[in-house]
Amino acid sequence: VLRAARVSDDLREREQQIALVADAADLGLWIWTTPQDTVWATDRLNPMLGVAPGAPISAGSFLELVHPEDREPTRQALQRALDDASDYAAEYRVVLPDGRQRWIAASGRVERQARDEAVRMLGVCMDVTARKHDEVERLRLRAELAHVGRLSSMAQLASGLAHELNQTLGAILRNAEAAELILQS
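Chemist: Any chance you could explain helix α1 (residues 2-24) here in plain terms?
Modeler: Every α-helix winds through 3.6 residues per turn, so residues three or four apart in the chain are directed the same way. End to end, α1 covers 33 Å across 23 residues, agreeing with the expected 33 Å (1.5 Å per residue, within 8%). At the exit of α1 stands aspartate 26, carrying a positive phi of roughly 55°.

Here it is in structure tokens:
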């Protein structure tokens, strides 16, 4: 009885440590039990996905939360991990109830029974919306900089052409003035 109480205390302490680390890193943890198609999730994950805390999630209901353009690649990544016993990794958008979108980076690992049947997948999700917005802004600035670079090159070319034309026109003008002087004398 004392040993069981000690094991229970150790388990509770480990759970608290894991919860503390997950909260500090702003991670949502999940366990998908594949035969029953149920997902256990930490309190941080559901709001990240736009779901009420404690609301039940299944693989099907999860995929309905994923942006339509990202749904099939996300489903395929999950299926590939189950089929190949490989790690799962995906980035996808979820559509929140208010219509906003949030980017999620997810990774997981499949656990199998002795018969090599997937029994569950354990994973973690992180909100990477800010990073995605930064990437979009960086690409926009890079395109703008390239445009400015092209404009600068065109300005240099125009300046060079103007200089060449100015020299040629100056020579023509001087020759015309000389011809006029010759004609007058």
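Here the narrative resumes, following the displayed structure.
Chemist: I tried to follow the sheet that holds strand β3 (residues 88-95) on my own but got confused; where do I start?
Modeler: One key point about sheets: their strands pair by backbone hydrogen bonds, in either a parallel or an antiparallel sense. Here five strands make up an open sheet; going across it, the order is β2-β1-β5-β4-β3 and the pairing antiparallel. On the outer flanks of this sheet lie β2 (38-41) and β3, each paired with one strand and no other. Between one strand and the next, the sheet's axes are offset by a mean angle of 25°, whatever the strand orientation. Across the sheet, helix α4 (residues 68-84) lies against β1 (27-33), β3, β4 (101-112) and β5 (118-127), angled at about 155° from β3, the strand it touches most.

Chemist: Looking at this structure, I do not really get the pairing of β5. What am I missing?
Modeler: When a strand is regular, its side chains alternate between the sheet's two faces. Sheet topology note: the β1/β5 ladder contains seven bridges and is antiparallel. Residue tryptophan 30 lies in a different strand from β5, and its bridge partner there is glycine 123. For β4 and β5, the ladder comprises nine bridges, and the chain directions are antiparallel. When the bridges of β5 are listed, alanine 106 appears paired with cysteine 125.

Chemist: What am I meant to see in the nonpolar core here?
Modeler: Nonpolar side chains in soluble globular proteins generally cluster together in the buried interior. Ranked by size, the top nonpolar core spans 28 residues in total, and within it Leu49, Phe62, Tyr88, Tyr92, Met121 and Cys125 carry the most contacts. Within the residue set of this core, elements represented by two or more residues are β1, α2 (45-49), α3 (59-65), α4, β3, β4 and β5. Setting aside chain neighbours within four positions, we find tyrosine 88 in contact with Trp30, Thr74, Ala77, Leu78, Ala81, Ala106, Ser107, Gly108 and Met121.

Calculation notes
- Within every chain, residues take consecutive numbers counted from 1 along the sequence as written.
- Predicted model: local features are reported for residues with pLDDT of at least 70 only, side-chain atom pairs are reported and counted for 80 or more only, and whole-chain, interface and lining totals are derived from all residues.
- Excluded from the side-chain calculation are hydrogens and water; included are all heavy atoms of the structure.
- Numbering goes from the N terminus for both helices and strands, where a helix is a DSSP run of H or I of at least four residues and a strand is a run of E of at least two.
- Multiplying 1.5 Å by the residue count of a helix minus one yields the expected span of that helix.
- In short, DSSP must find at least two bridges between two strands for them to pair.
- Angular values range over 0 to 180 degrees, each being the angle between N-to-C directions of two axes fitted as lines to C-alpha atoms, with helices fitted over their stretch in contact.
- Contact definition: two residues touch when any of their heavy atoms are within 4.5 Å.
- Here, nonpolar core means buried Ala, Val, Leu, Ile, Met, Phe, Trp, Tyr and Cys residues that are tied together by side-chain atoms lying within 4.5 Å of each other.
- Relative accessible area decides the class of each residue, using a 1.4 Å probe on protein chains only: under 20% of the type maximum gives buried, over 50% gives exposed, and in between gives partly exposed.

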